[in-house]
Amino acid sequence: MPFVLKDSLVPSAPTISPHDIRWEEPDCLLCGQRRWQTLVEAPDIQGGTGLWFAVVQCLECGLCFTNPRPTASCLELFYPADYKPHQSKPAKGRRTGLFGLRRNRTGIAWNGLGRLLDFGCGGGDFLCRMRDEGWQVTGVDASLSTVRRLTRELGLHVLHGTLPHPDLQPHSFDVITMWHSLEHVPDPRSVLREARRLLTPHGRLYVAVPNIDSLAFRIFGPHWFALDLPRHLVHFSPLTLQFLLEQAGFRIISLRMQRRSAWIRHSARLACRYPEATWRHRLLRGRLGSRVAAFYSCLSGQSDCMTIVAQPWLD
Ligand SMILES: [Zn+2]
């Protein structure tokens, strides 16, 4: 049976029968090989289904990915109606977004105002802010209910689906942003290749994803908040994200670690639900402990969140 179910540690009874789900075991999403080892097994916490999933690491290239995983047509079952990234924030909250992740995002470097595509636009708060700053904005999101709400309530131009998308033309965007969306897609390489095609030759791609090669993952393991199984299908490290971008035809301009003390507190609270919680987990539930850990992680290049800026290689 292609899933991992551990009754002893399930936080609640499974709400989805594994037999109602279609499963797949993809080749490595970076190098295409099929040699891997299990890295960690963890439950679906935020979706509340009670099922457990495995993350494997490719023995050839090091990419970590959820395997086996629900097929694309079944993934929507794991996104609850109140999934936070799909919710719009009140106006005063638009400085922060997805779990407080959207700080520092107005600093997109560009000479003048341009055309921006936000892939996986979620609640739409980032698109609204950029529109207010004068950008021509377009969104793409896989959730049809989210697309309808953003179009109807916020008047945004949002397309349903993924990349490639038939309504988008080559070289039609100056900036493409992927704020915590690339880890959700079944085939990130095809998404990035299409992003390269959609960008103008001097355009910029901004990608923010969790970093599995982080101090927080080493401390919390299956309780690391940013695993978010099975919605996160790919679990990048700085190295594997750069390899993937280069394969898709980008050159890296910068890679920055982000401080996320809230993630550390979330992870610590999850870990403390279990009997094997340690004094370190209890210490990191507090603001002081989590902030010190986040500061040290960022300083030492081991933060659990990273942002990369890339530009298409010129032919
Ligand atoms: Zn591989």
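Everything that follows concerns the structure shown earlier in this document.
The rules behind the values
- Residues numbered from 1 in each chain as written.
- Predicted model: local features only at pLDDT ≥ 70, side-chain atom pairs only at ≥ 80, totals over all residues.
- Helix = DSSP H or I, 4+ residues; strand = E, 2+ residues; numbered from the N terminus.
- Buried ≥ 20, exposed ≤ 12 C-beta atoms within 10 Å, placed from the backbone.
- Contact = placed C-beta atoms within 7 Å.
- Pairing = 2+ DSSP bridges.
- Axes fitted to C-alpha atoms, helices over the stretch in contact; angles between N-to-C directions.
- Parallel < 35°, antiparallel > 145°, perpendicular 65-115°, else oblique.
- Left-handed = near helix turned anticlockwise from the far one by under 90°.
- Nonpolar A, V, L, I, M, F, W, Y, C, P; charged D, E, K, R; others polar.
- Right-handed = clockwise from strand over helix to strand, strands pointing away.

Visitor: Quick question: what am I supposed to make of the overall build of the chain here?
Guide: A count of helical and extended segments in the chain gives 8 helices and 13 strands. Relative to its full complement of 315 residues, the chain shows a buried share of 44%. Here the analysis covers contacts within the chain between residues at least 6 apart in sequence; of these, 71% occur between residues at least 24 apart.

Visitor: Please explain the environment of Pro222 as it appears in this structure.
Guide: As for its position among the elements, Pro222 is in the loop between helix 4 (215-220) and strand 11 (234-235). Residue Pro222 is classed as buried on the basis of its C-beta count, with 20 C-beta atoms lying within 10 Å.

Visitor: Is there a simple way to think about helix 5 (residues 238-247) in this case?
Guide: One full turn of an α-helix is made of 3.6 residues, so residues set three or four places apart face in the same direction. Among the residues of helix 5, Pro238, Thr240, Leu241, Leu244 and Leu245 are the ones counted as buried. Where helix 5 is buried, its residues touch helix 3 (188-198), strand 10 (199-210), strand 12 (250-258) and strand 13 (305-312). Backbone geometry just after helix 5 places Gly249 at a positive phi near 95°.

Visitor: I keep staring at the sheet that holds strand 3 (residues 52-58) and nothing clicks. Help me out?
Guide: Two pairing modes exist for strands in a sheet, parallel and antiparallel, and in both the strands are linked by backbone hydrogen bonds. The 4 strands lie next to each other as 2-3-4-11, forming an open sheet whose pairing is antiparallel. Of all the strands in the sheet, the pair left with one neighbour each is strand 2 (36-43) and strand 11. Where strand 3 meets strand 4 (residues 64-66), 3 bridges bridge the pair, whose relative direction is antiparallel. Each bridged residue has a counterpart across the sheet, and for Gln57 the counterpart in strand 4 is Cys64.

Visitor: Teacher, can you tell me more about the packing of helix 3 against helix 5 here?
Guide: The description of two helices packed together rests on the angle between their axes and the distance between the axes. The interhelical angle for the contact between helix 3 and helix 5, taken along N-to-C directions, is 50°, at an axis separation of 9 Å. Comparing their axes, helix 5 and helix 3 come out oblique. Two packed elements cross with a definite hand, and for helix 3 against helix 5 that hand is right-handed. Along the contact surface, helix 3 presents Pro188, Arg189 and Leu192, while helix 5 presents Leu244, Leu245 and Gln247. Residues belonging to the contact of helix 3 with helix 5 are distributed by class as follows: 4 nonpolar, 1 polar and 1 charged.

Visitor: So what exactly am I meant to see when it comes to the environment of Trp313 here?
Guide: Relative to the elements of secondary structure, Trp313 occurs in the segment after strand 13. Using a count of 12 C-beta atoms within 10 Å as the deciding quantity, one classes Trp313 as exposed. Sequence spacing of Trp313 and Arg251 is 62 residues, and the spatial spacing of their C-alpha atoms is 5.9 Å. For Trp313, the residues in contact, after removing those within four places along its chain, are Gly249, Phe250 and Arg251.

Visitor: When you look at the pairing of strand 9 (residues 173-179) in this model, what are you seeing that I'm missing?
Guide: Sheet faces and side chains relate simply in a regular strand, where the side chains alternate between the two faces. Within strand 9, 7 of the 7 residues are buried, which leaves it mostly tucked inside the rest of the structure. Where strand 6 (residues 115-119) and strand 9 come together, 3 bridges link them in parallel fashion. Its bridge partner lying in strand 9, Leu116 is registered against Val175. The pairing of strand 9 with strand 10 spans 6 bridges and is parallel. Within strand 10, the residue paired with Met178 across the bridge is Val207. In this view, the connection linking strand 9 to its parallel neighbour strand 10 by way of helix 3 has right-handed handedness.

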